[in-house]
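Now for the letters of each chain:
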Amino acid sequence: MLTRVISAANCGLNTIQVDVEVNIASRGLPGFDIVGLGNKAVTESKERVKTAIVNSDINFPARKITVNLAPADVPKEGSLYDLPMALGILKYVLDFSVPENSIFVGELSLDGSLRHVRGLFLIALFAKEKGFKNIFVPAVSVKEISKIKGINIYPIKNLSQLALFLTDQIKIEPLIISEDDLADNSVSAEFDMSEIVGQEQAKRAMEIAASGGHNFLMVGTPGAGKTMLARALAGILPNLSEKESFEVTKIYSASGKIPAGGEMVKIRPFRSPHHTMSSVGLIGGGTNPMPGEISLAHRGVLFLDEFNEYPRSVLESLRQPMEDGVVSISRSRNRVTYPCRFILAASANPCPCGYLNHPKKDCVCTPREIEKYQKKISGPMLDRIDLHINIPVVEIEKLTSKDNVKRESSFEIKKRVQKALDIQHKRFKNDNLSFNAEMKNKHIKKYCKLSESVKQIVLRAGKMFHMSARSYFKIIRVARTIADLDGSYDIKDNHLAESLQYRIRYISDD
Amino acid sequence: MVKNVSSSQNQYPKLLKQVKGHPQMLFFKGKLDGSLFENSLTIVGSRRMSAYAKQVVDLIVPELVLNGVNIITGFTYGCEIEASKSAIELGASTVAIMPCGIETVWPAYHKNLYNKLLENNGLIISEFSGKTNAQSWMFSKRNIMLATISNALLVVEASEKSNTLEIADMALKHKRKVFAVPGQITSNSFKGCLKLIKNGAQVVSCAGDILSFFKVSSKENFAENKKTNDFSDIEKQIFSSLENQTMSLDEIAKQIKIPINECSALVSMMQLKGIINENNGKYFLEKSYVN
């Protein structure tokens, strides 16, 4: 007797339908074989399936069982085919009809209960798009897909419950989609902006970066507060929209970053990988390519502390994905594309010892060492960074003195950031952009019309600071964000003048 | 093209010839002209130039150059390069004394400036031939030349234990006139200068101090300040805070009590107007506004 159960396989962010064909032969020696290019986890599932059925007090047929995962030439991995295989066998034993238009996904535990699997979110989205009516998933994973509308989600606790349901002895209610707001308004950063003393210019730069999605580089002596500022940035990032949340959750689900019982990603990711990271770790890769840090930071922040310490090859591999917002990873067996639109937050010391231009401590580096250190970051890389921020040393006296100056909290700043972002969304509704930082030259020509006096300032600044064409566009993009923060339709003189403070400052311009 | 001159020839720098143990042979590029060493001032200073030292160089060197003083430096990073640069930018012929073989461009970083110096009829001189790289023992030999080749020496910035201070001590020993720029007594990078002043170096507070030694009166009048009348009130406030010290953007904003975004815009505009300038995040007044 042949039974066909529908399941799915993920490859990158793409999902394909997999037919799990279970044949139970009436002749031949008892046995259990799986064909269809499964990896170790798939071939091992026969032991899990067998034991789970036996432990659920259901007879396991002493017959020749053959399972085929079609299409048979696509490599399959993971434990999600446990449930469809078991279902095929149960159908032979208990004689029910498998629900039509349904997808089954789940890993079996030896006691017959269902366990969480990787990539469930992608499969549920796929099922909905392909017009499937029902999806049967492990009950523990149901929160992950609870926002997907238009498909009946059946949470299954264990094999016996499913058997009782399919033989019409009990009822399982499909999940009711909760309509509550997706956005999480709580500020979840390690530090609040109000905790940071001084550094007004840097805080302002964070606000601009968060509003316009600009990449930024902080340079300052050790202990000046670079890391603290970057961590506080997480608290002023604007809320994740529902569309963005879906994009991010897809990546997190595909890479197995959503644990059992985990929900959709609601806040913007903040990733801070260590500088010993490999380029595969950053970009993504593996035989079956997994998302790297840049994709995990999609719609969020990628914080690279000690920017100069990363191997040059690793940093240079960032260039193309940063420009395109997507990264294609090609391996011999697979080619996948992951999105990667993130804010690059980088911090660096000014020299190897760290105390260049320190008011009290002396720098012990030679000019040659400093030059070499600063040149570790290539020109094209610096060109992709919109905001260059100098982080001065904060004097200890200032930290200890009880000044009564009220500093702004992250919550207040976030409100302004959100407002600026709303303006940008309105502006870009026909352009498939979300942030000012993503504007290309044609968008700048369209949305950043400069008045005569602003043009004069740009020209003068260009001459004085030896600005390239690319830095000219960067200045205008930043000025656009500053104008948005101000709620101004036009870019005014003071907006552009302020943006000049964040221009790149070359070490030597001979 | 490399040429050489021996100590028996007339072209050999006269003051150097009087020093015991002077090099027998000098190698040079450019035009060796005795007039380059008349009315000449050797400028030395720290490799790690502070914002203040840059301000001093910008203030003093152009006025000296425009009044016909020849500038000699060791072409080292920091103060010396900065001094050479401002002289070369004004089209003056300057002298650079190298610690390496005459055919080596040192520091390689400043190759453009090196070529410009030669274009301006300047002189590059060394006691070493060939393409030898600079070694530490060569520096100390070069330092003797720096200390004695001219009548006067200006120390822009020197810490307590430094090459710069050694050169200055040597110059004092050889009865050269030594000028030193006073710095803050709390600053390590000026301890050497202060020590020199105690030991008989002359304090420099304006270019005139040096010009009067050369018996030249300033033809170019730098003292006339640009007018501050057309400044707005807040610009005047920023201006007057910067009159006393160099300040970062945060410090200016705090002192004037305005939000940082307004302050950023104002300071940018003032920089574009040429009123103030910035070095390593610290703002200071442009030289034409310093009295």
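This report concerns the structure included in the present document. Values in this document were obtained by computation on a predicted structure and should not be read as measured data.

Further remarks concern the overall build of chain B. When helices and strands are counted, chain B shows 11 helices and 12 strands. What you see for chain B is a C-alpha radius of gyration of 20 Å, in line with the 19 Å of a compact globule of 291 residues. Summarising its shape, the C-alpha atoms of chain B cover approximately 65 × 40 × 35 Å along the three principal directions. In chain B, which comprises 291 residues, the proportion classed as buried is 55%.

The next point concerns the overall build of chain A. Assigned secondary structure in chain A consists of 20 helices and 18 strands. Along the first, second and third principal axes, the C-alpha atoms of chain A reach 90 × 50 × 45 Å. The contacts in chain A between residues at least 6 apart in sequence include a share of 72% that link residues at least 24 apart. If you sum the accessible surface of chain A, you get close to 23,000 Å²; carbon and sulfur atoms cover 51% of it.

Okay, the sheet that holds strand β1 (residues 2-6) of chain B next. Residue and element names in this part refer to chain B. Read across the sheet, nine strands follow the order β1-β2-β6-β5-β4-β3-β7-β8-β9 without closing on themselves; strand pairing throughout is mixed. Every other strand in the sheet has two partners, leaving β1 and β9 (202-203) as the edge strands with one partner each. Of the strand pairs in this sheet, β1 and strand β2 (residues 25-30) are connected by five bridges, and their pairing is antiparallel. When the sheet's bridge partners are listed, V2 is paired in β2 with K29. The strands that helix α3 (residues 79-89) touches are β3 (40-44) and β4 (70-73); relative to β4, the one it contacts most, it runs at about 150°. Strands in contact with helix α4 (residues 111-119) are β2, β5 (95-97) and β6 (123-126); relative to β6, the strand with the most contacts, it is inclined by about 110°.

Residue and element names in this part refer to chain B. Put simply, helix α2 (residues 51-66) and α3 touch, their axes get as near as 9 Å, and they point 35° apart. The handedness of the crossing between α2 and α3 is right-handed. Two secondary-structure elements touch here, α2 through A53, K54, V57, V61 and V65 and α3 through C79, E82, A83, S86 and A87. When the residues that make up the contact of α2 with α3 are grouped by side-chain class, the tally is seven nonpolar, one polar and two charged.

Before going further, it helps to examine the interface of chain B and chain A. At the interface, 25 residues of chain B touch 33 residues of chain A. With both sides pooled, the region where chain B packs onto chain A buries about 2,600 Å², and carbon together with sulfur makes up 53% of that total. When residues of chain B are sorted by the area they lose upon contact with chain A, R48, Y109 and L272 of chain B head the list and together hold 26% of the total. Put simply, chain B and chain A have one salt bridge between them. Residue E278 of chain B is joined to R503 of chain A by a salt bridge in which the shortest nitrogen-to-oxygen separation is 3.8 Å. For the pair chain B and chain A, the interface holds eight residue pairs in polar contact (both at pLDDT 80 or more). For the side of chain B that touches chain A, the secondary structure elements donating two or more residues are α10 (249-256) and α11 (260-272) of chain B. The biggest single contributor to the side of chain B that touches chain A is α11 of chain B, with nine residues. Tallied by class, residues from the side of chain B that touches chain A come to nine nonpolar, nine polar and seven charged.

Moving on to the side chain of T42 of chain B. All names here are of chain B. Relative to the helices and strands, T42 resides in strand β3. In this structure T42 comes out as buried when scored by relative accessible area, which is 0%. In contact with T42, not counting residues within four places along its chain, are I72, L146, I149, S150, A152, L153 and L154.

Residue and element names in this part refer to chain A. In terms of nonpolar packing, the biggest core is built from 61 residues, with V67, Y81, I103 and I135 touching the most fellow members. The element contributing the most residues to this core is helix α4 (residues 120-129), with seven residues. Beyond its immediate chain neighbours, meaning those up to four positions away, I135 contacts I103, I123, A124, A127, I151, N152, I153 and Y154. L122, L302, M322 and V336 belong to the second largest nonpolar core, which has 38 residues in total.

Two measures define how a pair of helices packs: the angle their axes make with one another and the distance between the axes. Residue and element names in this part refer to chain B. Viewed as axis vectors pointing N to C, α3 and α4 meet at an angle of 45°, and their least axial separation amounts to 10 Å. Taken together, the axes of α3 and α4 are oblique relative to one another. Helix-helix and strand crossings are classified by hand; for α3 and α4 the assignment is left-handed. Contacts from I81, K85 and I88 in α3 reach L113, K116 and L117 in α4. Looking at the contact of α3 with α4 residue by residue, the class counts come to four nonpolar, no polar and two charged.

Residue and element names in this part refer to chain A. With the rule as written, the count across this model stands at 16 aromatic pairs over all chains. Considering the side-chain rings of F104 and F136, the 4.5 Å spacing of their centres and the 10° angle between planes classify their relative orientation as stacked. With a gap of 32 residues between them, F104 in strand β5 (residues 102-104) and F136 in strand β8 (residues 134-138) connect regions that are remote in the sequence. Assessed through its relative accessible area of 1%, F136 is described here as buried. Pairwise contacts between aromatic rings join F104, F136, Y154 and F165 into one cluster. One Lys or Arg, R427, reaches over the ring of F428 and ends 5.4 Å from the middle of that ring. Residue placement shows R503 over the ring face of F465; its charged tip is 3.5 Å from the ring centre.

Below, the discussion takes up the pattern of salt bridges. Residues and elements named next belong to chain A. Scanning the model with the defined rule gives 33 salt bridges over all chains in all. Between R319 and E316 there is a salt bridge, with its nearest N and O atoms 2.4 Å apart. For R477, the salt bridge identified is with D386, shortest N-O distance 4.0 Å. Of this pair, R477 sits in helix α19 (residues 469-485) while D386 sits in the loop between α14 (379-383) and β18 (387-391), placing them 91 residues apart in sequence. The same class applies to R477 and to D386, which are both buried.

The next point concerns the state of the cysteines. Put plainly, a disulfide is one covalent bond tying together the sulfur atoms of two cysteines. Residues and elements named next belong to chain A. Applying the stated criterion across every chain yields a total of zero disulfides over all chains. The closest cysteine sulfur to the non-disulfide-bonded C340 is located on C11, 17 Å from its own sulfur. Overall, C340 belongs to the buried group, its relative accessible area being 2%. Counting only cysteine sulfurs, C365 is the nearest neighbor of C353, a cysteine outside any disulfide, at a range of 3.6 Å. Under the relative-accessibility criterion, C353 is labelled partly exposed at 22%.

We now examine the sheet that holds strand β3 (residues 31-35) of chain A. All names here are of chain A. Pairing is mixed across the open sheet formed by four strands, whose spatial order is β1-β2-β4-β3. Where the open sheet ends on each side, the last strands, each with one partner, are β1 (2-11) and β3. Pairwise comparison of adjacent strand axes, ignoring direction, gives a mean angle of 20° for this sheet. As paired strands, β3 and strand β4 (residues 64-70) are joined by five bridges and run parallel to one another. Each residue of the ladder has a partner; that of F32, found in β4, is I65. Seen against the sheet, helix α3 (residues 82-94) touches β1, β2 (14-25), β3 and β4 and runs at an angle of roughly 30° to β2. Along the sheet, α4 contacts β1 and β2; its crossing angle with β2, the most-contacted strand, is approximately 90°.

Conventions and cut-offs
- Residues numbered from 1 in each chain as written.
- Chains lettered and ligands numbered in written order.
- Predicted model: local features only at pLDDT ≥ 70, side-chain atom pairs only at ≥ 80, totals over all residues.
- Heavy atoms only, no water.
- Helix = DSSP H or I, 4+ residues; strand = E, 2+ residues; numbered from the N terminus.
- Rg over C-alpha atoms; globule rule 2.2 N^0.38 Å.
- Buried < 20%, exposed > 50% of the residue type's maximum accessible area, 1.4 Å probe, protein only.
- Contact = heavy atoms within 4.5 Å.
- Areas by Shrake-Rupley, 256 points an atom, 1.4 Å probe, with all protein chains shown as cover.
- Pairing = 2+ DSSP bridges.
- Axes fitted to C-alpha atoms, helices over the stretch in contact; angles between N-to-C directions.
- Left-handed = near helix turned anticlockwise from the far one by under 90°.
- Nonpolar A, V, L, I, M, F, W, Y, C, P; charged D, E, K, R; others polar.
- Buried area = accessible area lost by both parts, 1.4 Å probe.
- Salt bridge = Lys/Arg side-chain N within 4 Å of Asp/Glu carboxyl O.
- Polar contact = N/O pair within 3.5 Å; in protein donor to acceptor, adjacent residues only side chain to side chain.
- Core = buried A, V, L, I, M, F, W, Y, C linked by side-chain atoms within 4.5 Å.
- Parallel < 35°, antiparallel > 145°, perpendicular 65-115°, else oblique.
- Phe/Tyr/Trp six-rings, centres within 6.5 Å; stacked < 30°, edge-to-face > 60°.
- Lys NZ or Arg CZ within 6 Å of the ring centre and 35° of its normal.
- Disulfide = S-S within 2.5 Å.

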